[in-house]
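So the chains spell out like this:
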Amino acid sequence: EALQWMVDLRQRHQVMPSPQERQALGGDPFVLGKLGMIWGAAFTFFTTMSQVRDFSWDVAPGPRGPSGTQAAGTGVTNFVVFNATKQPAAAFKVSHFFTAGTGQRLVIEISNFVPAHKRLLQEVWAKTSPAVNRQAAIDSYAYTKHPYKGPLFSKWNTAVTTALNRAWNGDEAVRTAAEEASRQGDVVLKEAAAKR
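Rules used in this analysis
Residues numbered from 1 in each chain as written. Predicted model: local features only at pLDDT ≥ 70, side-chain atom pairs only at ≥ 80, totals over all residues. Heavy atoms only, no water. Helix = DSSP H or I, 4+ residues; strand = E, 2+ residues; numbered from the N terminus. Contact = heavy atoms within 4.5 Å. Areas by Shrake-Rupley, 256 points an atom, 1.4 Å probe, with all protein chains shown as cover. Expected span 1.5 Å × (residues − 1). Buried < 20%, exposed > 50% of the residue type's maximum accessible area, 1.4 Å probe, protein only. Phe/Tyr/Trp six-rings, centres within 6.5 Å; stacked < 30°, edge-to-face > 60°. Lys NZ or Arg CZ within 6 Å of the ring centre and 35° of its normal. Salt bridge = Lys/Arg side-chain N within 4 Å of Asp/Glu carboxyl O. Patch = residues over 30% accessible without salt bridge, like charges linked within 9 Å, V, L, I, M, F, W, Y side chains within 5 Å.

## Describing the overall build of the protein chain
For step 1, the next point in the chain: A count of helices and strands for the protein chain gives 8 helices and 2 strands.
For step 2, the next point in the chain: Along the three orthogonal principal directions, the C-alpha set of the protein chain runs to about 55 × 50 × 35 Å.
For step 3, the next point in the chain: A fraction of 46% describes how many contacts in the protein chain between residues 6 or more apart in sequence connect residues 24 or more apart.
For step 4, the next point in the chain: With an accessible surface of roughly 13800 Å², the protein chain has 56% of that area assigned to carbon and sulfur atoms.

Printed below as a string of structure tokens:
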């Protein structure tokens, strides 16, 4: 039902600009004041929202489903070191710097990424400019659904979203696309489990 609702918003009710309409606008529709609402991750504070100059904006909790339950999702920001690096100690130092203390504060202040560290979340991220209702994002954690984030995540994500996009683009029925997404996702999960 949730997937059908989302697809209907796009295909039937046309609440979002088509790719052709977006291109004709010559920029992000929200930034240009052509959309009243966007659904996005907290990092859009740094990307999309940092471009807004002509109006004030704020953050609100996600919508509730028919049962009254809200939903939100999570993503992961990774700092990784190439396995074959010739400087493992230096690579570890850089990675450690950006995931703790001063370096993590810089990451928060520059990119607005939400930190996993609770104290930095409350003391730095919640108080970082712009001064919007960041508490709505923090409060969403209680009802956040965590998608698969294990080995072969990228392959799993591609398999699932490729199938779901067929419904999103109006090329296939939602139920058919969802069942295919589930099948394709399971194939990758079995592959990941076999590699352990």
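## A word on helix α7 (residues 153-168)
For step 1, the next point in the chain: Over its 16 residues, α7 extends 21 Å from the first C-alpha to the last, a length consistent with the 22 Å expected when each residue adds 1.5 Å.
For step 2, the next point in the chain: Listing the buried residues of α7 in full gives Trp156, Ala159, Val160, Ala163 and Ala167.
For step 3, the next point in the chain: Summarising the contacts, the buried residues of α7 are in contact with α1 (2-11) and α8 (174-194).

## Observations concerning the packing of aromatic side chains
For step 1, the next point in the chain: Tallied over the entire structure, the rule returns 6 aromatic pairs.
For step 2, the next point in the chain: When the centroid spacing of 5.5 Å and the interplanar angle of 75° are considered together, the rings of Phe30 and Phe55 count as edge-to-face. Of this pair, Phe30 sits in the loop between α2 (19-25) and β1 (72-73) while Phe55 is found in the loop between α2 and β1, placing the two residues 25 residues apart along the sequence.
For step 3, the next point in the chain: When the ring of Phe45 is compared with that of Trp57, the centres are 5.6 Å apart and the planes differ by 50°; the resulting orientation is tilted. Of this pair, Phe45 sits in the loop between α2 and β1 while Trp57 sits in the loop between α2 and β1, and the two are 12 residues apart along the sequence.
For step 4, the next point in the chain: We classify Trp57 as buried; its relative accessible area is 18%.
For step 5, the next point in the chain: An aromatic cluster is built from Phe45, Trp57 and Trp125, whose rings are joined through pairwise contacts.
For step 6, the next point in the chain: In this arrangement the basic side chain of Arg134 is found over the ring face of Trp125, its NZ or CZ atom lying 4.8 Å from the centre.

## Brief notes about the pattern of salt bridges
For step 1, the next point in the chain: Overall, the coordinates contain 8 salt bridges when judged by the stated rule.
For step 2, the next point in the chain: Note that Glu191 and Lys155 form a salt bridge whose closest N and O atoms lie 2.8 Å from each other. Taken together, the residues Glu191 in helix α8 and Lys155 in helix α7 connect sequence positions 36 residues apart.
For step 3, the next point in the chain: For Glu191, a relative accessible area of 27% corresponds to the partly exposed category.
For step 4, the next point in the chain: A relative accessible area of 41% means that Lys155 is categorised as partly exposed.
For step 5, the next point in the chain: Among the ionic pairs, Glu180 bridges to Arg183, the shortest N-O distance being 2.8 Å. Of this pair, Glu180 and Arg183 both sit in helix α8, 3 residues apart, which is roughly one turn of the helix.
For step 6, the next point in the chain: By relative accessible area, Arg183 is classed as partly exposed at 49%.
For step 7, the next point in the chain: Here the residues in one salt-bridge network are Arg105, Arg119 and Glu123, joined through shared partners.

## A closer look at the side chain of Gln104
For step 1, the next point in the chain: The residue Gln104 is located in helix α4 (residues 101-111) in this model.
For step 2, the next point in the chain: On the basis of relative accessibility, which here comes to 13%, the residue Gln104 falls in the buried class.
For step 3, the next point in the chain: Setting aside anything within four residues of it in sequence, one finds Gln104 in contact with Phe97, Phe98, Thr99, Pro115 and Leu120.

## Some thoughts on a nonpolar patch on the surface
For step 1, the next point in the chain: A contiguous nonpolar surface patch, about 360 Å² in accessible area, is contributed by Phe46, Phe97, Leu106 and Ile110.
For step 2, the next point in the chain: Inspection of the secondary structure assignment puts Phe46 in the loop between α2 and β1.

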